[in-house]
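Inside the fold
In case you want the letters, here they are:
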Amino acid sequence: MRAGVRITLAGAQLTLLLLSLPRWVTSHGLLLERLPTAVTLAALLGAGVGLLRSTRTTRRAAYGPTVLAVLVLALTSLPLPSVRVMVPLVALAGAMAMAGYAEFAGRVLHETGGRSSRPRRPAVLTTTGALVLLALGALGGVLLDMLLTFAGVPPVGWAVLLAVGSAILWPRPGLPIGLVVVLALPPLVLGVRGMTLGATWSPYGLVTERTPLDGQTTVRRDGLPLPAPRAVTELARDEPTSLAPFDWVPGGHPRRVLVLGAGTGNDTALALARGAEHVDAVEVDPALVDVGARRHPDHPYADSRVSVHVADARAFLNGATGRWDLIIFTPEVARLGLPGTNTPGSSYALTTQALARARTLLAPNGAVAVIYEGAGWAVRRLELTVGLAIGGACTLHGERTTTLVAPSAGMARTAPTVPLESRQCAGITAMLNEVYDVPITDDQAALSRHGWPWSTETVAALLGFAVAVLLVAVVLGGRRGVRRQPRLAGLGTGAAAWLVGLWALSAASLRFGSTWNVRCVVLALLLLGAILLIAVGGPVARRLGRRLPPADPARTIGLAVLGALLGALVGYAVPVLGSPVLFGALAVAVVVAAGSKLLALRRAGRTALPSADQPQQAPAQQDPAQQDPARSDHPGSGPRPADPTDPTDPADLTDEPAPAGVARSDEPSSGPEGPPGSPR
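On to the packing of helix 1 (residues 3-26) against helix 3 (residues 63-77). Helix 3 packs onto helix 1 with a crossing angle of 20° between their chain directions and a minimal axis gap of 12 Å. The pairing of helix 1 with helix 3 is recorded here as roughly parallel in orientation. Where helix 1 crosses over helix 3, the handedness of that crossing is left-handed. For the pair formed by helix 1 and helix 3, the contact residues are Leu 17, Leu 21, Trp 24 and Val 25 on the first element and Leu 68, Leu 71, Val 72, Leu 75 and Thr 76 on the second. A class-by-class count of the residues in the contact of helix 1 with helix 3 yields eight nonpolar, one polar and no charged.

Structure below.
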């Protein structure tokens, strides 16, 4: 197989595993609400470790598929302990599996690009070419993941692709029998489980439904319970606060109702039962709409008065032009979390800007109702936010949820019959303005059902990941005697890339919604930008007239991945503390990356080789027996003079020697013909 094809396949396989592994683990309910991306962070750490380890070993790494097979068997066959115990164990196993696959991808880079692993054989590809092909493979992995997600393919599809990719990339003459068994195990186990599970894979998780003998359907997404489809009579009897928003409308019968986060259709059925002439039901997860259409006893989605919109709540508000008598924000809008952190309970649809936009869409006597699953400090922040965006809000505490109702200016003059007196509601809002002056905004949108989005465990875990990154960068990022600038450049570049991606994803989510396709498109555009920067960097570096020593592409990518992990750790503070943290960290990362690169260029410029048109002195002859055997693959080979016309590689971020068993591309061996200048 051609070298470029192997590198592209390795990049696609690594990206596909990095995207699919956290989603599949979360589908088993293994999610820490205050650290929901623990498996993603561990996978990034494992990828960086594997890529850096590949520069120090020549053996073929097969432990990645083995660890992945053990993880699949454990999660599908064994009883799981508590989430607090299981998530760290799964994160550790995911990091090990990712390290194995990344180490194998690094060996592919060594064998085909950037450097040659055979004596007297020049590098097949330059470092720039290898990095471009790897980024193209990553882009292909993102597009393939997007296609599989859109088609609703279960995890067995990803497992089959990973197994086929490993089989294709494994060096010839053939696959060991044990490795064949290990690669075939995850697809078989996941395929059998998918046939017996009876679930629906949506772009937002695993949706399961159960209807026991009593006829009461239960719905779960990623193992977490969702409001089950229930008849209106049962809702009115068991959850009387669900009827409170309709009491704010004169007569209790709103003509037009907008339900954001419609879910399986309970609030839509309530609006129809209250005499609504038209209901717009907005739900981002198509699987929940399908469950509601099939399982709801009142069949609200089949009513001609209902228009179903599969869209994000914030995106729908941005493009809406109608007028509604009642706008309801259900708990479903806050279940998916914010991009970058995915903390459940947060949403761009619950910010001051979103609620102010909803106020402009109200009819003269309309009202906005916000239903939230939480209590304490989270509800107090919501009360302040609703009060600032719309006006005084009344709060009703139910058994499972808290309902905040805020009328429009016209509604306040009509003084309708409500469960709480208006003066009590105004007093609550005034008290909040004095004590809890922390509204939810687009810049600080983090909100948790438990109050503060961080906990002691969250801070400890984030600090632990940061220490692990620094230790890996020091131990595996370079050999003894290597200057620190290349490591800092790689870490800074990766952190800057992640922070730029987080900013782009947040901006796109505010405009187009926090949907899976928006995330995939933003990631694809970032990879295209990276490809463009790498490809354009070569001519720019040549115009600078500098020459950097050749770099190891696996070490370059490994350091960048570790830097991306640092950026992800900083990203946890952005929704809580605001954009100053994002742009401040981005400025530091850019300064570190650019400063380290400029220092490397300056250092290389001092020792730059003469140009091709300048006279060069003949190299001194040297006995092959006196040469350093560590710089060659076999005895008798020696260095040859460097080619001054060798193009500058802009992606080279290190000046350290090649790993053992790998010849440097700028120091190919002279072969059996003897050292330069010796007679044939």
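Between its first and last C-alpha, helix 17 (residues 456-476) extends 30 Å over 21 residues, near the 30 Å set by a 1.5 Å rise per residue. Taken together, the buried positions of helix 17 are occupied by Thr 458, Leu 462, Phe 465, Ala 468, Val 469, Val 472, Ala 473 and Leu 476. Along helix 17, the residues classed as buried sweep out an arc of 130° about the axis, all on the same side. Turned more than 90 degrees away from the buried face of helix 17, the exposed residues are Thr 456, Leu 463, Leu 471, Val 474 and Val 475.

Here we take up the sheet that holds strand 2 (residues 205-210). In space, the four strands of this open sheet follow the order 1-2-3-4, with antiparallel pairing throughout. Looking at strand neighbours, the two that pair on one side only are strand 1 (200-202) and strand 4 (224-226), the edges of this open sheet. On average, each strand axis in the sheet is inclined to that of its neighbour by 30°, with strand direction left out of account.

Right, let's talk about the packing of helix 17 against helix 20 (residues 553-571) for a bit. Contact pair helix 17 / helix 20: the axes reach a minimum separation of 10 Å and the direction vectors enclose 160°. For the element pair helix 17 / helix 20, the angle class is roughly antiparallel. Considering only the axes of helix 17 and helix 20, their crossing is left-handed. Seen from helix 17, the contacting residues are Leu 462, Phe 465, Ala 466, Val 469, Val 472, Ala 473 and Leu 476; seen from helix 20, they are Arg 555, Leu 559, Leu 562, Leu 565, Leu 566 and Leu 569. Its residues placed into classes, the contact of helix 17 with helix 20 shows 12 nonpolar, no polar and one charged.

Moving on, we come to unusual backbone geometry. Across the chain, the bulk of peptide bonds are trans and the bulk of non-glycine residues have phi less than zero. Positioned with a positive phi, Asp 222 is a non-glycine residue whose angle comes to about 55°. For Asp 222, a relative accessible area of 13% puts it in the buried group. At His 299, a position not held by glycine, the phi torsion is positive, near 50°. Note that His 299 resides in the loop between helix 11 (286-295) and strand 7 (306-309). Overall, His 299 belongs to the partly exposed group, its relative accessible area being 42%.

In the predicted model, the protein chain carries a mean pLDDT of 79, and the fraction of residues at 70 or more is 78%. A low-confidence stretch, residues 412-424 stays under pLDDT 50, and its non-local contacts, those more than four residues away or across chains, total 14 contacts.

Moving on, we get to a nonpolar patch on the surface. On the surface, Val 5, Leu 9, Val 160, Val 164 and Ile 168 cluster together into a nonpolar patch covering about 340 Å² of accessible area. Looking at the nonpolar patch, the elements that each hand over two or more residues are helix 1 and helix 6 (155-169). Here the nonpolar patch gets three residues from one element, more than from any other, and that element is helix 6. Relative to the helices and strands, Ile 168 is located in helix 6. According to the relative accessible area criterion, Ile 168 is partly exposed, its value standing at 32%.

Moving on: the pattern of salt bridges. A complete count under the given rule lists 19 salt bridges for this structure. Between Arg 53 and Glu 103 there is a salt bridge whose closest N-O contact spans 2.4 Å. Remark: Glu 103 occurs in helix 4 (residues 83-112) and Arg 53 occurs in helix 2 (residues 38-53); sequence separation between them is 50 residues. Of the charged contacts in the structure, one is a salt bridge between Asp 290 and Arg 294, with a shortest N-O distance of 2.9 Å.

Once that is clear, we can look at the environment of Val 180. Considering the arrangement of structural elements, one finds Val 180 in helix 7 (residues 177-197). Residues Val 180 and Ala 163, 17 residues apart in the sequence, show an inter-C-alpha distance of 8.8 Å.

Time to look at helix 3. Spacing of three or four residues puts side chains on the same side of an α-helix, whose turn is 3.6 residues. Relative to the 21 Å expected for 15 residues at 1.5 Å per residue, helix 3 spans 21 Å between its end C-alpha atoms, a close match to the ideal helical length. When helix 3 is considered as a whole, its buried residues turn out to be Gly 64, Pro 65, Val 67, Leu 68, Ala 69, Leu 71, Val 72 and Leu 75.

Turning our eyes to something else, we now look at the sheet that holds strand 9 (residues 362-372). The seven strands are arranged 7-6-5-8-9-11-10 in an open sheet whose pairing can be described as mixed. Here the strands that pair on one side only, and so sit at the sheet edges, are strand 7 and strand 10 (394-397). For this sheet, the mean inter-axis angle between neighbouring strands, taken without regard to orientation, is 15°. Bridging between strand 9 and strand 11 (residues 402-407) involves six bridges; their strand directions are antiparallel. If you follow Ala 367 over to strand 11, its bridge partner there is Pro 407. Lying on the sheet, helix 14 (residues 377-389) is in contact with strand 9, strand 10 and strand 11; it crosses strand 11 at an angle near 10°.

The rules behind each value
Residues numbered from 1 in each chain as written. Predicted model: local features only at pLDDT ≥ 70, side-chain atom pairs only at ≥ 80, totals over all residues. Heavy atoms only, no water. Axes fitted to C-alpha atoms, helices over the stretch in contact; angles between N-to-C directions. Helix = DSSP H or I, 4+ residues; strand = E, 2+ residues; numbered from the N terminus. Parallel < 35°, antiparallel > 145°, perpendicular 65-115°, else oblique. Left-handed = near helix turned anticlockwise from the far one by under 90°. Contact = heavy atoms within 4.5 Å. Nonpolar A, V, L, I, M, F, W, Y, C, P; charged D, E, K, R; others polar. Expected span 1.5 Å × (residues − 1). Buried < 20%, exposed > 50% of the residue type's maximum accessible area, 1.4 Å probe, protein only. Arc of directions from axis to C-beta. Pairing = 2+ DSSP bridges. pLDDT = per-residue confidence, 0-100. Patch = residues over 30% accessible without salt bridge, like charges linked within 9 Å, V, L, I, M, F, W, Y side chains within 5 Å. Areas by Shrake-Rupley, 256 points an atom, 1.4 Å probe, with all protein chains shown as cover. Salt bridge = Lys/Arg side-chain N within 4 Å of Asp/Glu carboxyl O.

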